[in-house]
Amino acid sequence: MASQDVLSQTTRLASSSALLQVLFRVVTFGLNAFTLRYLSRELIGVVNVRLTLLYSTVVFLAREAFRRACLSGSTKRNWTKTINLLWLTFPLGVFWSIFLGLVWLHLLEVPDPSVVPHYQAGVVAFGLSAIIELLGEPFWVLAQAHLFVRLKVIAESLSVVSKCILTVILVVLYPQWGLYIFSLAQLFYVSVLVMCYVIYFMMFLGSPEATKKSFPVARMKALLPNLVEDETFVNWKEAWLTWSFFKQSFLKQILTEGERYVMTFLNVLNFGDQGVYDIVNNLGSLVARFIFLPIEESFYVFFAKVLERGKNVKDQKQDDVAMAANVLELLLKLVLLIGLTITVFGYAYSQLALDIYGGSMLSAGTGPDLLRCYSLYVLFLAINGVTECFTFALMCKEEVDR
């Protein structure tokens, strides 16, 4: 695929992701604001900090390194070996889910059952949801590598909206269910997400469109682990690159979720204060999740395809190098402009935003000050995301290890 085509499709992917995420998140924003009126701060704290941290940690440790390694390079490769490697995320996810689930159940403080009922069921459900989501990993990587613009956006949007609608219904009708509500909603979310990918590929593989595009996978059976005759089970170059990213992923996860680990393991805040902090954190990170993250994910694919990993700049096609440098400069200008806008208006209107969203529960106390600090933090997130995706797309295994 020509560099210009890659840039065009990557731009479409990033813009479509950002626009649809904003559209669907406006809906979920309203639904979440509605449910806040029915829930205690303690329940929000346990769900959004304790249980969500379990889910995100399992998913991140099981798949992040595989994604970065398998999205590097050209789409012209032995996809059977790549798919075999991606299926290793499932047993890895089972291991982390069991190990961390035991930690969450037996080593961490258990919430008061009268305030937050069914904590054990919540831990099991969120761990299980991480395992279910990993079943769709080969589909996700295949779609991302071939720049399927609409699939990722629609799948994630439908699953998020479905989760929010189910949560609102259960909260209104059965508020006494406690963590059962969020456990069922989380399992429903990952099930819808995985099924969207599975159904799409069932319809796409073997179709005239797939034949026209010379898609490397012809049938659903090829998306399962398969032995390659007279060859190794996986591509060892990809496997070692995965291991390099895996060693680095521990540090990245701690840096990404550091404050939640501190709250979870050191008990510096009670569950109610954790709930307020998390709501403020989610509001502050709206731009990072809706705009910066789609840009980072999409242009990681662009840089990985246009430039060759680990190769000296002078030894690469100079037209591609010039294009990549120009795209990087434009991206940095774009995210800086967005970040500065959020910093200026977020700092001025923090209290009003929290009062509209959650009432006095959020606008009173330290909530507005936290949101003002996060508005400044967004500016640094803007620069970090783009530079990180560019760097990780180009580093060779030895540079990653360092």
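Throughout, residues of each chain are indexed from 1 in the direction in which the sequence is written. In keeping with the model being predicted, local features are shown solely for residues with a pLDDT of at least 70 and side-chain atom pairs are shown and tallied solely at 80 or more, while totals for entire chains, interfaces and linings include all residues. As a rule here, side-chain values come from all non-hydrogen atoms in the structure, and water together with hydrogens is ignored.

Observations regarding the overall build of the protein chain
Phase 1 of the analysis: Check the secondary structure of the protein chain and you find 18 helices and 0 strands.
Phase 2 of the analysis: Throughout this description, buried means an accessible area under 20% of the type-specific maximum (1.4 Å probe, protein chains only), exposed means over 50%, and partly exposed covers the range between. Split into buried and exposed, the 402 residues of the protein chain put 51% on the buried side.
Phase 3 of the analysis: Areas reported as accessible are Shrake-Rupley estimates using a 1.4 Å probe. Residue values count occlusion only from the protein chains shown. Element-wise, carbon and sulfur atoms account for 66% of the exposed surface of the protein chain, whose accessible area totals about 19200 Å². Only DSSP runs of H or I covering at least 4 residues are called helices, and only runs of E covering at least 2 are called strands; the numbering of each starts at the N terminus.

Some points on the UniProt feature "transmembrane region" (unreviewed entry) in the protein chain
Phase 1 of the analysis: UniProt positions are given in the numbering used here, feature names are shortened, and annotations may be inferred rather than shown by experiment. In this numbering, the UniProt entry assigns the feature "transmembrane region" (unreviewed entry) to residues 12-31, 43-62, 83-107, 119-141, 153-174, 180-205, 330-354 and 374-396.
Phase 2 of the analysis: With 100% helix and 0% strand, residues 43-62 has its two end C-alpha atoms placed 27 Å apart.
Phase 3 of the analysis: When the span residues 330-354 is considered, its composition is 96% helix and 0% strand, and the gap between its end C-alpha atoms is 33 Å.

Here's the deal with unusual backbone geometry
Phase 1 of the analysis: Even without being a glycine, H118 presents a positive backbone phi close to 70°.
Phase 2 of the analysis: Its place among the elements puts H118 in the loop between helix 4 (89-106) and helix 5 (119-134).

Some remarks on the environment of L337
Phase 1 of the analysis: With respect to the helices and strands, L337 occurs in helix 14 (residues 318-348).
Phase 2 of the analysis: By relative accessible area, which is 57% here, L337 ends up exposed.
Phase 3 of the analysis: For the pair L337 and A382, spaced 45 residues apart in the sequence, the C-alpha separation amounts to 9.1 Å.

Focus: empty space enclosed by the protein
Phase 1 of the analysis: A 1.4 Å probe that fits but cannot get out identifies a cavity on a 1 Å grid over protein atoms alone, an open set with protein on both sides within 12 Å along at least five of seven lines counts as a pocket, and a residue lines either if it has an atom within 4 Å of a point. Grid points are joined across faces, edges and corners, and a volume is the space filled by probe spheres set on the points. Inspection of every chain in the model, using the stated rule, returns 2 cavities of 30 Å³ or more.
Phase 2 of the analysis: Taken as a whole, the largest cavity spans an internal volume of roughly 50 Å³.
Phase 3 of the analysis: Around the largest cavity sit F60, E64, R68, F245, Q248, S249, K252 and F392, which together line it.
Phase 4 of the analysis: Among the secondary structure elements, those contributing two or more residues to the lining of the largest cavity are helix 2 (41-70) and helix 10 (236-256).
Phase 5 of the analysis: Broken down by element, the residue count for the lining of the largest cavity peaks at 4 residues, all from helix 10.
Phase 6 of the analysis: Classification convention: Asp, Glu, Lys, Arg as charged; Ala, Val, Leu, Ile, Met, Phe, Trp, Tyr, Cys, Pro as nonpolar; all other residues, Gly among them, as polar. A breakdown of the residues in the lining of the largest cavity according to their chemical character gives 3 nonpolar, 2 polar and 3 charged.

Structural notes on helix 2
Phase 1 of the analysis: The terminal C-alpha atoms of helix 2 lie 41 Å apart, and with 30 residues this matches the ideal 44 Å at 1.5 Å per residue to within 8%.
Phase 2 of the analysis: Its maximal kink placed at R63, helix 2 deviates by approximately 40°.
Phase 3 of the analysis: Counting buried positions along helix 2 gives 26 out of 30 residues, so the element sits mostly inside the fold. Helix span, expected: 1.5 Å multiplied by one less than the number of residues in the helix. The angle between axes fitted to the seven-residue stretch ending at a residue and the seven-residue stretch beginning at it gives the bend at that residue.

What about the packing of aromatic side chains?
We describe a pair of aromatic rings using the distance from one ring centre to the other and the angle between the two ring planes.
Phase 1 of the analysis: Pairing of aromatic rings covers Phe, Tyr and Trp, the last counted by its six-membered ring, and requires centre-to-centre distances within 6.5 Å; plane angles under 30 degrees mean stacked, over 60 mean edge-to-face, and any other angle means tilted. Counted by the stated rule, this structure contains 15 aromatic pairs.
Phase 2 of the analysis: Ring plane angle 15° and centroid distance 4.5 Å describe the contact between Y174 and W177, whose orientation is recorded as stacked.
Phase 3 of the analysis: For Y174, a relative accessible area of 35% corresponds to the partly exposed category.
Phase 4 of the analysis: Considering the side-chain rings of F245 and F392, the 6.1 Å spacing of their centres and the 85° angle between planes classify their relative orientation as edge-to-face.

Regarding the pattern of salt bridges
Working definition: two side chains of opposite charge can pair if their charged atoms are close together.
Phase 1 of the analysis: For this document, the term salt bridge refers to a Lys or Arg side-chain nitrogen within 4 Å of an Asp or Glu carboxyl oxygen. What the rule picks out here adds up to 11 salt bridges.
Phase 2 of the analysis: A salt bridge links R372 to D369; the nearest nitrogen and oxygen atoms lie 3.0 Å apart. Here R372 pairs with D369, and both are found in helix 17 (residues 367-394), just 3 residues apart, close to one helical turn.
Phase 3 of the analysis: Residue classification places D369 among the partly exposed residues on the basis of a relative accessible area of 44%.
Phase 4 of the analysis: When salt bridges with common partners are traced through the structure, they connect R63, R67, E133 and E137 into a single cluster.

Structural notes on the packing of helix 6 (residues 137-145) against helix 8 (residues 179-204)
Phase 1 of the analysis: Where helix 6 meets helix 8, the closest approach of the two axes is 9 Å, and the angle between their N-to-C directions is 60°. At the point where helix 6 passes helix 8, the crossing takes the left-handed sense. Counted together, F139, W140, L142 and A143 of helix 6 and Y197, V198 and F201 of helix 8 form the full contact between these two elements.
Phase 2 of the analysis: Taken together, the residues that form the contact of helix 6 with helix 8 break down as 7 nonpolar, no polar and no charged. Throughout, an axis means a line fitted to C-alpha atoms (over the contacting stretch in the case of helices), and angles, computed between N-to-C directions, take values from 0 to 180 degrees. A clockwise turn of the near helix away from the far one marks a right-handed crossing, whereas an anticlockwise turn of less than a right angle marks a left-handed crossing. Only heavy atoms matter for contacts: two residues are in contact if any of them lie within 4.5 Å across the pair.

Observations regarding helix 8
In an α-helix there are 3.6 residues to a turn, and that puts residues three or four apart on one side.
Phase 1 of the analysis: With 26 residues, helix 8 should reach 38 Å at 1.5 Å per residue; the first-to-last C-alpha distance of 38 Å fits that figure.
Phase 2 of the analysis: Positive backbone phi, approximately 85°, marks G206, located one or two places after helix 8.

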